[in-house]
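# Report on the structure
Each chain, written out:
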Amino acid sequence: MDAVTQLQRQLVDYTNTLFHEGFLDEQFNQLQQLQDESNPDFVVEVVSLFFQDSERLLNELAKILEQQNIDFKKVDAHVHQLKGSSSSIGAQTVQRVCIAFRNSCEEKNIEGCQKCLQHVKHEYTLVKNKLETLFKLEQQVLAAGGTIPMY
Amino acid sequence: MFEVFVWSLMGLVDCYIICCRHVKEGVSTSIKMESCNCIEPQWPADELLMKYQYISDFFIALAYFSIPLELIYFVKKSAVFPYRWVLVQFGAFIVLCGATHLINLWTFSMHSRTVAVVMTTSKVLTAVVSCATALMLVHIIPDLLSVKTRELFLKNKAAELDREMGLIRTQEETGRHVRMLTHEIRSTLDRHTILKTTLIELGRTLALEECALWMPTRTGLELQLSYTLRQQNPVGYTVPIQLPVINQVFSSNRAMKISPNCPVARLRPLQGKYMPGEVVAVRVPLLHLSNFQINDWPELSTKRYALMVLMLPADSARQWHVHELELVEVVADQVAVALSHAAILEESMRARDLLMEQNIALDLARREAETAIRARNDFLAVMNHEMRTPMHAIIALSSLLQETELTPEQRLMVETILKSSNLLATLVNDVLDLSRLEDGSLQLELGTYNLHAVFREVLNLIKPIASVKKLMITLNLAPDLPEYAVGDEKRLMQTLLNVVGNAVKFSKEGSVSITAFVAKSESLRDSRAPDFFPVPSENHFYLRVQVKDSGAGINPQDTPKLFTKFAQNQTLVTRNSGGSGLGLAICKRFVNLMEGHIWLESEGLGKGCTAIFIVKLGIPEHSNDSKLAFGQKMSGHGQTNFPGLKVLVMDDNSVSRSVTKGLLVHLGCDVMVVSSSEECLRVISQEHQVVFMDVCMPGIDGYDVAVHIHEKFTRRHERPLIVALTGNTDKVTKENFMKVGMDGVILKPVSLEKMRSVLLDLLEHRVLFEAM
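As annotated in an unreviewed UniProt entry, chain B carries the name Ethylene receptor and comes from Dipteronia dyeriana. Under the Function (unreviewed entry) heading, UniProt states for chain B: "May act early in the ethylene signal transduction pathway, possibly as an ethylene receptor, or as a regulator of the pathway." According to UniProt, the comment filed for chain B under the heading Subcellular location (unreviewed entry) is "Endoplasmic reticulum membrane".

With an unreviewed UniProt entry as reference, chain A is termed Histidine-containing phosphotransfer protein, source organism Dipteronia dyeriana. Reading the Function (unreviewed entry) entry of the UniProt record for chain A gives the comment "Functions as a two-component phosphorelay mediators between cytokinin sensor histidine kinases and response regulators (B-type ARRs). Plays an important role in propagating cytokinin signal transduction."

Right under this line is the structure:
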C-alpha cells in the first residue's frame, strides 16, 4: 500500500478508536468540519487553547483544594469553566467527570472533590496524549503529501 | 178626538133646537109679518127663560169661536196631522155655528130684516157645512177608531220585544259565564285544580245547591265520588257503573235530567220540606294520550267517562232551562279537554325528567370514559419513556457486545438477546403508536423527502431476510414517479416496511414484487372501496404501491378481519412467525391519515396475495426542491450563507469562545469576540446584527446585559438580536430569557447545522425559540 494511504488509514483508524472509546464525541466532528482552506489549523488552535485553559484551571483547583477553608463557589466556577471547555471540543470523558465534580461541590464534599480532581487530571492527561498523537499523525500525513481525510 | 166628537154632537143638538125654534118662529112670524115690516122677536111671557137662553147662546158662541182657534193652535204645534182638510171643514162648521149663535143674540130684541137675513144665511151655510162634515166623519171615524187598535197592537209588540231582549241578555250572560268558566278551567294544568274550579264556578254561575263529580275507579266497574262542591271531604262513596240511569247519561253527550232519587243524586240529606231541586247529569269524557291517534280522533269504544251531577236548590221551583243545559254540556267538554292537557303535561314532564336523568348518567359515563382515556394516555406516555429507556440500553449494549470478542455460543446468545429485544422494542412502539393513532392525537410530520430513496431503503432492509428465505425481491418504480414528495417519510416507510415484511413473512418461497406508480383517476376508484373518493389536485398526487407475493394467500372470508387489531389468522405460518397482529391495523391508520386506502387482494389460499395501498402525497415546490438539495449537501467547503453578517460573541470561556467564533466564521460572518459583559456593552453598536452571549458568566449576569442592550437601543430595528447560549434546559430558564427580552436561545453544544438554521430563522423571523 502507498505510504500516504497507509498513514491516512492509520489516522482514520486511530480517530475512530478515539470515538469508539468515548474520548471524543460528535462535537469534535463539528470542529473538524469547521476546518477549511481559510481556516486550516482551526482544530489545532482550539485544542491548544483547551490545553492551556485546562491546565490553568487544574492548577487553580489544586491550589484551592489545598486550603483550609475551601471556597466551594470558586471551585464550582472553575469546574464549570472546565466543563464548558471540554464540551466545546468534545472531550467527553473530561466533561463527564466535571459533572460529577460539580455534584461534589454542591454537596461540599471535600473528599469527593479531591477524588474528582484526581480523576479529572487523569482523564485530561489521557485525552491530551491521545489528541497530541492524533495531531502528530496528521502532521505525518501532511508531510507525506497527503490530505487529511474528511470523516 | 173624543172632545171633537162631543163638540160636534153638541153642535148637532143645537142645530136641532134652533131648527125647532125656527119652525116655531116661522109659524108665528108669518102671522105678524103682514102688519109691519119688522120682525118681532118671540118674547115669550117668561122673560127669565129668555134671559137664560140669551146667556147660553152667548157662551155657546164664545165656545164655538174658541174651539177652532184652539184646534188651529194645537195642530200648528204638532208636526203630524194627516186630516187638515177635515180640520178646515170642521173649523168652518164650528165657526158658522158660532156665528149663528152670535147672530141669535140680536134676535132676542127688536131686530131689522137685515139681521134676519144674515141669520138665515148663516144658518143655511151652517146647515150645508155641517152636513158635509157629517158625511166626512163617516169616512174618518173608523180610521180614528182603528188608531187605537194599532196602538194596542204596538204596545203588545213592544212588550214582546222586551221579553225577547231579556232572553237574549240572559243567554249572553250565560255565554260569558261559560267563557269565564272555561278560562278558569284552562288556566291551570293541575288535575285537581281543574276539577275543583269547574265545580265551584258552575255552582256559582248556576246557583246550584250541590255539584258532584264521579270518577271511574281503576277497575272501571264502579264510579267513585271524587269531588263535591259543598262537602269538603267526600267519602269514597262508590256506585256500580252499570246502573241504567248512568248508562243513559253516558250514551249521549247531552246533559240529561235525572231523578233526584237515583243513587248518584242522593248526595245530601233532604234540606227542603217539599221538592228536592231538579238534578241534571252529564258525562265528561276522560281522554288518554293513547287516544290521540292522527286518524281516529277518540273512538267511542275505548272511552271512559266521569259523571258530573248538578242539583238545583230545593224548594226553589227553579227549572233547568235549555241555555243552562247547554252551558253544562259546554263546560263538560272543556273539562275533558283541560284534563287531557293536564295528562299530556304530566307525561311530558315525566319524559323530560327521565331524559335529564339519562343525560346526567351519560355525562357521567362520558367523563368517566374521558378520565379512563386520559389515565391510559398518561400511563402510555410514562410507559413510553420508562420502557424505551431500558430497551434502548439493552439494544445498544447488546449490539456493542456483539462487536466484541465472543465465543460462538456467546455470540448466539447475544444475537438472540438482540433479536428478542428488537422485537420487544417494535412491539412497544407499535402499541404506543396505535394508541396514539386511535386517539387521533397522531399527526403526520410533513417534510420533503426523497421518495425513491425510501423505496430503496426498504428494499435494503428487507433484502437480508429475503435472501435467507431465498425469496426474490424486485422493485419497480414508475418513470413518472416524482423523486421528491411532501409527506411523513417515517410513517410511509413504516407502512411500506410492514406491508413488504408481511409479504416476505408469509411467503415460504417464490418472489415478492414491489411496484410503485402515480395513480391516475381511473385507477383511483376501486369497487372495493366505495367510500374512497380521491380528489386529485394541483399540489398533490396519489402514490399507488402494489406488493405481490407468492405465499399462502388469504381465505376470502378472512379479508375483513385483516385490518382489525390483534386478530390473526390461525394458520401455522402466522403462529410461527410471531407478531402482535397490530401491523396491518397501524398501516391502515397511517394510510387513512394520508387520505388514502389500503386493501388486500387474494385469489384464495395458496394463490398468493397482493397488498395495495394508495396514499396522497404532496408535490414539493421548486423552491423547496432547491432548498432540499441544498440542505442535503454536506456543509463545509466554505459555504457563505451570511456574508458579512456582523456578529458579536460574548463568552468568558476561551475554548468555547473560539469554537463559536470558528462556527460563525465558517458561515461567513464577521465575528467580534469579547470575554466579559463590560467589554460587550462597551463594544456593542448598531452595526452588530446578532449578539451571542453565554449565559451564567461571572461579573454582570447575561440577563443584565440583555436588559442593558434593550435600554441602549430603544428602537427595535436598531437593536441587535440577542441569542443566549446555554447548557441549561429547564423551562424556568427559558421563561427568564423571554422576560429579559432575548430573541433566542440555543442549547450547547451547537453544531454547524444548528447554527446555520438558527441564523436563518433569526434573520427571517427576528425571533427564535428552540424547543428545548
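Next, the rest of the story.
## Regarding the overall build of chain B
Per the secondary structure count, chain B includes 19 helices and 18 strands. In chain B, which comprises 772 residues, the proportion classed as buried is 38%. Once local pairs closer than 6 in sequence are excluded, the contacts in chain B between residues at least 24 apart make up 70%. For chain B, the exposed area adds up to about 44,800 Å²; of that, 61% sits on carbon and sulfur atoms.

## Focus: the overall build of chain A
When helices and strands are counted, chain A shows six helices and zero strands. Tracing chain A from N to C terminus, the helices and strands come up as α-α-α-α-α-α. Within chain A, buried positions represent 46% of all 151 residues. For chain A, the proportion of contacts with a sequence separation of at least 24, taken over those separated by at least 6, is 65%. For chain A, the exposed surface amounts to about 8,000 Å²; the carbon and sulfur share of it is 49%.

## Details of the UniProt feature "modified residue: Phosphohistidine" (unreviewed entry) in chain A
Look at the UniProt record and you will see "modified residue: Phosphohistidine" (unreviewed entry) annotated at His80 of chain A. Along the chain, the position of His80 of chain A falls in helix α4 (residues 72-89).

## Let's talk about the interface of chain A and chain B
How big an interface is tends to be stated in terms of the accessible area lost upon association of its parts. Each partner contributes residues to the interface: chain A has 18 residues there, and chain B has 19 residues. When chain A packs against chain B, close to 1,500 Å² is buried across both sides, 57% of that on carbon and sulfur atoms. Area buried by chain A at its contact with chain B is led by Gln33, Leu34 and Gln81 of chain A, which between them contribute 30% of it. Applying the counting criterion to the chain A and chain B interface returns zero salt bridges. Counting only elements with at least two residues in the side of chain A that touches chain B, the list comes to α2 (26-34), α3 (42-66) and α4 of chain A.

## Section: the packing of α2 of chain A against α3 of chain A
Residue and element names in this part refer to chain A. Relative to each other, α2 and α3 sit at 130°, their axes nearing to 8 Å. Regarding the angle of α2 to α3, the classification is oblique. Across the interface between the two elements, Phe28, Leu31, Gln32 and Leu34 of α2 pack against Phe42, Val43, Val46 and Val47 of α3. Considered class by class, the residues forming the contact of α2 with α3 number seven nonpolar, one polar and no charged.

## Observations regarding the pairing of strand β14 (residues 646-650) of chain B
All names here are of chain B. Most of β14 is tucked away: four of the five residues are buried. Note: β14 against strand β15 (residues 670-674), five bridges, orientation parallel. Within the sheet, the bridge partner assigned to Val649 lies in β15 and is Val673. Remark: the β14/helix α15 (residues 654-666)/β15 crossover connection has right-handed handedness. Relative to strand β16 (residues 690-694), β14 runs parallel, the two sharing four bridges. Residue Val647 lies in a different strand from β16, and its bridge partner there is Val690.

## Remarks on the UniProt feature "transmembrane region" (unreviewed entry) in chain B
All names here are of chain B. Within this numbering scheme, the UniProt entry marks residues 52-73, 85-104 and 124-145 as carrying the feature "transmembrane region" (unreviewed entry). The straight-line gap between the two end C-alpha atoms of residues 52-73 is 31 Å; of that span, 100% is helix and 0% is strand. As annotated, residues 124-145 has a helix share of 100% and a strand share of 0%, and its two end C-alpha atoms lie 31 Å apart.

## Brief notes about the pattern of salt bridges
All told, the structure shown has 15 salt bridges over all chains when counted by the stated rule. The partner of Asp53 of chain A in a salt bridge is Arg56 of chain A, and the shortest N-O contact between them spans 2.7 Å. Taken together, the residues Asp53 of chain A and Arg56 of chain A, both in helix α3 and three residues apart, mark about one turn of the helix. Since its relative accessible area comes to 44%, Arg56 of chain A is described here as partly exposed. In this structure, Asp353 of chain B and Arg352 of chain B form a salt bridge, with 3.9 Å as the shortest nitrogen-oxygen distance.

## A few points about the nonpolar core
Judged by nonpolar contacts, the single largest core of 66 residues is most densely connected at Phe101 and Leu131 of chain A together with Phe692 and Leu759 of chain B. In terms of residues, this core owes the most to one element, α3 of chain A, which gives 12 residues. With residues near it in sequence (within four places) discarded, Leu131 of chain A still touches Leu24, Phe28, Val47, Phe51 and Ile89 of chain A. Val512, Leu543, Ala611 and Val615 of chain B belong to the second largest nonpolar core, which has 39 residues in total.

## Description of the sheet that holds β14 of chain B
Residue and element names in this part refer to chain B. Strands sit in the order β15-β14-β16-β17-β18 across an open sheet of five strands; the sheet is parallel. Each edge of the open sheet is held by one strand with a lone partner, namely β15 and β18 (744-747). Across the sheet, the mean angle from the axis of one strand to that of its neighbour is 20°, orientation sign disregarded. Contacting β14, β15, β16 and β17 (721-726), α15 crosses the sheet at an angle of about 170° to β15.

## Looking at the side chain of Glu123 of chain A
With respect to the helices and strands, the residue Glu123 of chain A is situated in helix α6 (residues 110-143). The contacts of Glu123 of chain A, once residues within four sequence positions are left out, are Thr93, Val94 and Val97 of chain A.

## Brief notes about the environment of Glu445 of chain B
All names here are of chain B. Checked against the element boundaries, Glu445 lands in the loop between α8 (408-439) and β7 (447-450). The class of Glu445 is partly exposed, set by a relative accessible area of 48%. With 46 residues separating them along the chain, Glu445 and Arg491 place their C-alpha atoms 8.6 Å apart. Those residues in contact with Glu445 that lie beyond four places of it in its chain are Gly487, Asp488, Glu489 and Arg491.

## Observations concerning the packing of helix α5 (residues 191-206) of chain B against helix α7 (residues 322-403) of chain B
Residue and element names in this part refer to chain B. At a closest axis distance of 10 Å, the pairing of α5 and α7 adopts a crossing angle of 170°. The angle between the axes of α5 and α7 places the two elements in the roughly antiparallel class. By crossing handedness, the relation of α5 to α7 is classed as right-handed. Residues Arg191, Ile194, Leu195, Thr198, Leu202, Thr205 and Leu206 of α5 touch α7, and the partners they reach there are Glu324, Leu327, Val328, Val331, Val335, Ala338, Leu339 and Ala342. For the contact of α5 with α7, the per-class residue count stands at 11 nonpolar, two polar and two charged.

## With respect to α5 of chain B
All names here are of chain B. The end-to-end C-alpha separation of α5 is 23 Å, in line with the 22 Å expected for 16 residues at 1.5 Å each. Along α5, the residues that are buried comprise Ile194, Leu195, Thr197, Thr198, Leu199, Glu201, Leu202, Gly203, Thr205 and Leu206. Against α4 (113-186), β1 (210-216), β2 (222-228), β6 (304-311) and α7 lie the buried residues of α5.

## Here's the deal with the packing of aromatic side chains
How two aromatic rings sit relative to each other is set out by the distance from centre to centre and by the angle between their planes. Tallied over the full model, the rule gives six aromatic pairs over all chains. Between the NZ or CZ atom of Lys128 of chain A and the centre of the ring of Phe51 of chain A, over which it lies, the distance is 5.7 Å.

## Let's talk about the side chain of Arg283 of chain B
Residues and elements named next belong to chain B. Within the element layout of this structure, Arg283 appears in strand β5 (residues 279-286). Despite its burial, Arg283 pairs with no opposite charge; the closest candidate is Asp333, at 6.9 Å N-O. At 2.7 Å, the side chain of Arg283 forms a polar contact with the backbone oxygen of Phe250. Engagement of the side chain of Arg283 in a polar contact is seen with the side chain of Tyr305, the distance being 3.0 Å. Discounting residues that sit within four places of it in the chain, Arg283 has contacts with Val249, Phe250, Ser251, Ser252, Asn253, Tyr305, Ala306 and Ala332.

Calculation notes
- Residues numbered from 1 in each chain as written.
- Chains lettered and ligands numbered in written order.
- Predicted model: local features only at pLDDT ≥ 70, side-chain atom pairs only at ≥ 80, totals over all residues.
- Heavy atoms only, no water.
- UniProt positions renumbered as here; feature names shortened; annotations may be inferred.
- Helix = DSSP H or I, 4+ residues; strand = E, 2+ residues; numbered from the N terminus.
- Buried < 20%, exposed > 50% of the residue type's maximum accessible area, 1.4 Å probe, protein only.
- Contact = heavy atoms within 4.5 Å.
- Areas by Shrake-Rupley, 256 points an atom, 1.4 Å probe, with all protein chains shown as cover.
- Buried area = accessible area lost by both parts, 1.4 Å probe.
- Salt bridge = Lys/Arg side-chain N within 4 Å of Asp/Glu carboxyl O.
- Axes fitted to C-alpha atoms, helices over the stretch in contact; angles between N-to-C directions.
- Parallel < 35°, antiparallel > 145°, perpendicular 65-115°, else oblique.
- Nonpolar A, V, L, I, M, F, W, Y, C, P; charged D, E, K, R; others polar.
- Pairing = 2+ DSSP bridges.
- Right-handed = clockwise from strand over helix to strand, strands pointing away.
- Core = buried A, V, L, I, M, F, W, Y, C linked by side-chain atoms within 4.5 Å.
- Left-handed = near helix turned anticlockwise from the far one by under 90°.
- Expected span 1.5 Å × (residues − 1).
- Phe/Tyr/Trp six-rings, centres within 6.5 Å; stacked < 30°, edge-to-face > 60°.
- Lys NZ or Arg CZ within 6 Å of the ring centre and 35° of its normal.
- Lys, Arg positive; Asp, Glu negative; His and termini not counted.
- Polar contact = N/O pair within 3.5 Å; in protein donor to acceptor, adjacent residues only side chain to side chain.

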